Amino acid sequence: MATAQSDTGLRLLMIEQAGCAYCVAFNRDIAPIYAKTPQGEAAPLIHADLRDDMPDGITLASRPFVTPTFILIGPDGTEISRMTGFPGEDFFWPYIAQMIDEAQQSLSDAAVN
């Protein structure tokens, strides 16, 4: 599993499982270009299987039960926010961008205080 990390320490964890048609669609249409986008630079994508243990150092607010679930992980390894499902790229990009923007603002505010 990739352990890429951005300058801010944000990561986007994709929870997936075999047989998930929406996971296949995401991995076909979005995953190959994700790293080349501003969102991918701000929060590199990592993958985990729904049935496996979570990657080391990651603490979630609750165990996901739907795939795909996209969880924004902070620099300390804790969940910041999540999006359940993949309703298509027209919804994915603005929602993920908003999640990342809000997290970056929160991290910036915390660094100032």
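Residues numbered from 1 in each chain as written. Predicted model: local features only at pLDDT ≥ 70, side-chain atom pairs only at ≥ 80, totals over all residues. Heavy atoms only, no water.

**Thoughts on the pairing of strand S3 (residues 69–73)**
Here is step 1 of the chain: Of all five residues that make up S3, five are buried, and the element is covered over most of its length.
Here is step 2 of the chain: Every second residue of S3 is oriented toward a common face, with Thr69, Ile71 and Ile73 on one face and Phe70 and Leu72 on the other, all of them buried.
Here is step 3 of the chain: Of the strand pairs in this sheet, strand S1 (residues 11–16) and S3 are connected by five bridges, and their pairing is antiparallel. Pairing of methionine 14 across the sheet is with phenylalanine 70, part of S3.
Here is step 4 of the chain: Sheet topology note: the S3/strand S4 (residues 79–84) ladder contains five bridges and is antiparallel. (Buried < 20%, exposed > 50% of the residue type's maximum accessible area, 1.4 Å probe, protein only. Helix = DSSP H or I, 4+ residues; strand = E, 2+ residues; numbered from the N terminus. Pairing = 2+ DSSP bridges.)

**Some words on unusual backbone geometry**
Here is step 1 of the chain: Across the junction of threonine 67 and proline 68, the peptide omega takes the value -10°, indicating a cis bond.
Here is step 2 of the chain: With respect to the helices, strands and loops of the structure, proline 68 is situated in the loop between strand S2 (45–49) and S3.

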